[in-house]
Amino acid sequence: MYNPELEALIAELEKRRQKVELGGGKERQQKQHQQGKLTARERIEELLDAGSFMELSTFAEHVGGILMREIEAPGEGVVTGVGTIHGRRVYVFSQDFTVLGGSLGKRNAQKITKIMDLAAKTGCPVIGLNDSAGARIQEGVDSLSGYGEIFYRNAIYSGCVPQISAILGPCAGGAVYSPAMTDFVLMTEGSSYMFITGPEVIKSVTREHVSFEDLGGAEVHMKKSGVAHLSGKNDKDTLGMIKTLLEYLPQNAKEKPPFKATKDPSNRGTEKLTEIIDPSPKKPYSMVEVIREIVDDHFFFEVQPDFARNILTGFAHLGGQPVGIVANNPKFMAGTLNIDASDKAARFIRTCDCFNVPILTLVDVTGFLPGVQQEHAGIIRHGAKMLYAYAEASVPKITLITRKAYGGAYLAMNSRDMGADLVFALPTAAVAVMGAEGAANIVYRKDIQQSPNPEATRAEKIKTYKEAFDNPYVAAARGYIDDVIMMEDTRRVLIEGFTMLANKEESRPFKKHGNIPL
Ligand code: HXC
C-alpha cells in the first residue's frame, strides 16, 4: 500500500546513499580512470565475491574543526565493510582519493578501526586498499590521532589475523606507515607510490630532484627498498594477487591455512631434478625450477621476487597443504646470505610461523657474504634475525639440502640444531664448515708451504678434505641429516614428511615476548 511518508523516508535514504557513493564527484572519478586507477568502490567490487559486500559506517561525517567547517567529505574519504573472497569472510577498507585526496581524518580513521576491531573479534583478515595523501592537513592533530589509533591496532592485531595492504595511488606519511606494519604490501606498477615525504618536500629540504616513480614507485620498492612484497600491472592484477595470497593463509592464528585439492599425484617422480641440479658446485642452476618441479601443479607464488634475489621466498602447495618456501638461489651472488637476504627470509619465516604455514627450506649456500660494507652495515645483526626466526618458528619445518651447506649459513638455513623437524639431502649435497679449497688452504697451510711441490700438496689436501666432508654422509652418520634421498623421490618424501608433521605441537618456555634483534 502506498504510504507517502514512508516513500519520502526511503527517497531520503536513497538520495543520501547516492551522494555518498558519488564520493568526490564524477569529474574526480574520471581523473582516477584517466590515471589507470579504479575508484574505491570499483576496487571493492573487483576484490570481493559478487554481491557479498556489506558496507558499514556509510553515513559517517567528518569531526569538524575550524578548517573543516565549509568542507563536505561524502563517505569521509573511505569505504569500509565486510564481504567474502572465495566464500571466506574478510574486512575491507578502500580509501577514496576523490574525497580530499583520500586523506585520513579522525572519523575516517574511526571507520577503519571499527572494521579492524570487528575483524580481530571475529577472526578474519583485514584488507586495506590504500589511496591516500596521508594525514588530513585541515584536521591537524585529530588526523594524527587517527593514524595513531590505526598503527596501534596494526601492532596489536599483528599475528592474530592476516593484514594485507594494497597501495593503489600516491600514498604519503601515515598512509605508508600503516601498510608497513601489516603482513603484506602490494603495489600497482605506474600508478602507486609510497613515500614518507614527497618530491616537493625533498626538494625544499635536501635540494634533491626526484620523480614520484624514482622516489617511491613499485619498481623502487620491489627491487631496492624491499618495502613491497608483490606488484601488479594494474589495479585488477594487484587485487587478483590478494586473492591468490589468501589461498595460503588461514583466517586467523588459531586456524590452519586451507587445504587445496590437487590432481597432481603425491608420488609424482621428480627426476627432472637430475637435469636441473649440476653436481659441480661452481655451476649455478635455477632454484625456481627446482621448486616448480617439486610442488603441486608446478605453481610457485613467489613473494618479493625482485628484492635480494640471492634468496627466494614464496608459497606453494605440497599434496594440497600450503607451505612457505625459503631457498638459496645459486643464480644470484652464488646464493650467499647478505643483509637484505637475511631480512627478507627472517620476515617471511615469521609471517609463516604466525599463521601456521609449514616451512620448507632448500639449501645451497656457501656462507654469509664476506666484505667490509656488509660487516659495517651490520650483517651480524641482520643475519642474527634469520637464526632467531627459524629457531623461534614452531610450525612444521623441513630442510632439503640440494648441494652446498657450509658454515654459519648452513646453520642459518634451518639446520637440525636450529630446530628443523626433518632434514633431507640429495646425493649432490655437501655439509662442511667451508669449501674444500678454502679449508685445505687454512688447515694444511704449513704442509703446503713447506712442500717441495706446493701445488701438488694443495691438490692432495683438497682431495683429502673433500673425501672427508664434501658429501652428505658425514652429516647423515652423525644424525644431522635424516636421509639422503633420490632426486626422483623428492616430492613424495617432502609430502610424506609434512603429512607426518601435520599435528606437530611444540611448546616454548614462558616469556612476555622474545626480543628478536631488529
Ligand atoms: C587534505 C589533501 C591532502 C592532505 C592532498 N589533498 N593532500 N587534503 N590533506 N594531506 C587534496 C588536494 O587539496 C586535492 O584536493 C586532492 O586532495 C588531490 O590532491 P592533488 O595534490 O591534486 O593530487 P596529486 O597531484 O595526485 O598529488 C597527490 C599527492 C599530493 C602526492 C598525495 O596531494 C601531496 O603531496 N599531498 C600531501 C601529502 C602529505 O604531505 N601528507 C601528509 C603526510 S604527514 P582537490 O579539492 O583539489 O581535489 C602524515 C602524518 C602521519 O601522514 C604520521 C606518520 C608517522
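This is a predicted model, so every value here is computed, not measured.

Moving on: the site of the ligand. The full set close to the ligand counts 20 residues, and Arg28, Gly101, Ala133, Ala135 and Gly174 are the nearest of them. Contact distances for the ligand include 2.9 Å between an oxygen atom and a side-chain N or O atom of Arg28. Burial of the ligand by the protein amounts to 59% of the accessible area it has alone, namely 1,000 Å². Taken together, the elements giving at least two residues each to the shell around the ligand come down to helix H5 (141-156), strand E6 (170-172) and helix H6 (174-180). Looking at which element gives the most residues to the shell around the ligand, the answer is H5, with 3 residues. Grouping the constituent residues of the shell around the ligand by class yields 12 nonpolar, 6 polar and 2 charged.

Once that is clear, we can look at unusual backbone geometry. For Glu76, which is not a glycine, the phi torsion comes out positive at approximately 65 degrees. Inspection of the secondary structure puts Glu76 in the loop between strand E1 (54-56) and strand E2 (78-85). Overall, the relative accessible area of 0% leaves Glu76 in the buried class. Within the chain, Arg207 stands out as a residue other than glycine whose phi angle is a positive 65 degrees. Classification of Arg207 as exposed rests on a relative accessible area of 71%.

Time to look at the side chain of His317. Positionally, His317 belongs in strand E11 (residues 311-318). Once you skip the residues sitting within four places of it in the chain, His317 turns out to touch Glu247, Tyr248, Pro258, Lys260, Val295, Asp296 and Pro322.

All right, on to the sheet that holds strand E9 (residues 230-232) then. Strand pairing in a sheet relies on backbone hydrogen bonds, with the paired strands running either antiparallel or parallel. Within the open sheet, the 7 strands sit side by side as E1-E2-E3-E4-E5-E7-E9. Their pairing is mixed. The sheet terminates laterally at E1 and E9, the two strands that pair on one side only. In this sheet, neighbouring strand axes are inclined to one another by 25 degrees on average, regardless of whether the strands run parallel or antiparallel. Where strand E5 (residues 163-167) lies against strand E7 (residues 184-188), 4 bridges are found, and the strand directions are parallel. Of the residues in E7, the one forming a bridge with Ile164 is Phe184.

Attention now goes to the packing of aromatic side chains. For the structure shown, the criterion picks out 9 aromatic pairs. The interplanar angle of 10 degrees and the centroid separation of 6.0 Å between the aromatic rings of Tyr248 and Phe301 together place this pair among those described as stacked. Linking Tyr248 in the loop between helix H10 (235-246) and helix H11 (273-276) with Phe301 in strand E10 (residues 301-303), this pair joins segments that are 53 residues apart in sequence. Across the pair, Phe301 and Tyr248 agree in class, each one buried. With a centroid separation of 5.1 Å and 55 degrees between ring planes, the pair formed by Phe315 and Phe348 is classed as tilted. Taken as a pair, Phe315 in strand E11 and Phe348 in helix H13 (residues 339-354) lie far apart in primary sequence, 33 residues in all. An identical accessibility class is assigned to Phe315 and Phe348; each is buried. Between the NZ or CZ atom of Lys37 and the centre of the ring of Phe97, over which it lies, the distance is 4.6 Å. Over the ring of Tyr444 we find Lys461; its NZ or CZ atom is 4.8 Å from the centre of that ring.

Further remarks concern the UniProt feature "domain: CoA carboxyltransferase N-terminal" (unreviewed entry) in the protein. UniProt records the feature "domain: CoA carboxyltransferase N-terminal" (unreviewed entry) for residues 6-261 in the present numbering. Span residues 6-261 is 41% helix and 17% strand, its end C-alpha atoms 51 Å apart.

One can describe the packing of helix H3 (residues 40-47) onto H10 by two numbers: an axis separation of 9 Å at closest approach and a directional angle of 45 degrees. Looking at the two axes, H3 sits oblique to H10. Seen along the crossing, H3 lies across H10 with a hand that is right-handed. Side by side, H3 and H10 meet where Arg43, Glu46 and Leu47 of the first sit next to Asp235, Lys236, Leu239, Ile242 and Lys243 of the second. Each residue belonging to the contact of H3 with H10 can be placed in one class, and the counts come to 3 nonpolar, no polar and 5 charged.

Conventions we followed
Residues numbered from 1 in each chain as written. Predicted model: local features only at pLDDT ≥ 70, side-chain atom pairs only at ≥ 80, totals over all residues. Heavy atoms only, no water. Near = heavy atom within 4 Å. Polar contact = N/O pair within 3.5 Å; in protein donor to acceptor, adjacent residues only side chain to side chain. Areas by Shrake-Rupley, 256 points an atom, 1.4 Å probe, with all protein chains shown as cover. Helix = DSSP H or I, 4+ residues; strand = E, 2+ residues; numbered from the N terminus. Nonpolar A, V, L, I, M, F, W, Y, C, P; charged D, E, K, R; others polar. Buried < 20%, exposed > 50% of the residue type's maximum accessible area, 1.4 Å probe, protein only. Contact = heavy atoms within 4.5 Å. Pairing = 2+ DSSP bridges. Axes fitted to C-alpha atoms, helices over the stretch in contact; angles between N-to-C directions. Phe/Tyr/Trp six-rings, centres within 6.5 Å; stacked < 30°, edge-to-face > 60°. Lys NZ or Arg CZ within 6 Å of the ring centre and 35° of its normal. UniProt positions renumbered as here; feature names shortened; annotations may be inferred. Parallel < 35°, antiparallel > 145°, perpendicular 65-115°, else oblique. Left-handed = near helix turned anticlockwise from the far one by under 90°.

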